[in-house]
Amino acid sequence: MVNRILKIEFFGKLLFRIGIAFYMWSIVLLSFQLDKDRLWMAILMAVLVIIPGLSLLHYRNAKTGIIGGIGTLLFFLASAILLLVTDLSANVPWNFIFLHVIKDVLLMLGAVILVGESLKEMVREKITAPFPKK
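Values in this document were obtained by computation on a predicted structure and should not be read as measured data.

Caption draft 1: Seen up close, the pattern of salt bridges. If you walk through the whole model with that rule in mind, you get five salt bridges. One salt bridge connects Glu-117 with Lys-120, and the closest N-O pair in it is separated by 3.3 Å. Of this pair, Glu-117 and Lys-120 are both found in helix H4 (residues 94-127), three residues apart, which corresponds to roughly one turn of the helix. Since its relative accessible area comes to 19%, Glu-117 is described here as buried. On the basis of relative accessible area, Lys-120 is assigned to the partly exposed category, the value being 48%. A salt bridge links Glu-121 to Arg-124; the shortest N-O distance between them is 2.4 Å. You can see Glu-121 and its partner Arg-124 sitting in helix H4, three residues apart, about one turn around the helix. According to the relative accessible area criterion, Arg-124 is partly exposed, its value standing at 43%. Among the charged side chains, a network of salt bridges with common partners joins Glu-9, Lys-13, Glu-117 and Lys-120.

What counts, and at which threshold
- Residues numbered from 1 in each chain as written.
- Predicted model: local features only at pLDDT ≥ 70, side-chain atom pairs only at ≥ 80, totals over all residues.
- Heavy atoms only, no water.
- Salt bridge = Lys/Arg side-chain N within 4 Å of Asp/Glu carboxyl O.
- Helix = DSSP H or I, 4+ residues; strand = E, 2+ residues; numbered from the N terminus.
- Buried < 20%, exposed > 50% of the residue type's maximum accessible area, 1.4 Å probe, protein only.

Function cannot be read off these values alone, since they describe shape.
Written out as structure tokens, the structure is:
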């Protein structure tokens, strides 16, 4: 019974990571347009495409999962602030502003959960290591 619950939890976390990665990739690929004159935009796009990949590498190395989770957290924080500022400057009604911003805030909380899972995995690896190396 416990093994079945752990398998469901593992599968749920994997789907959550994949879902956030696909969402970020779709935002980046649909929002940014490649322009040969703007090298900084291409570099920013490359970084924003790599961050969710780092989050998916959690299962190989927990430290890369932490880096990817923190990057994802910062992405959704910046996205929420940007949406709030642009919606306020456009005089959008408050219920639409709330709906625009709450999505990114909830995804940011999801990124915090993923960082916590990676930290938990890193601590578990340290605890179960055979002996400390001198």
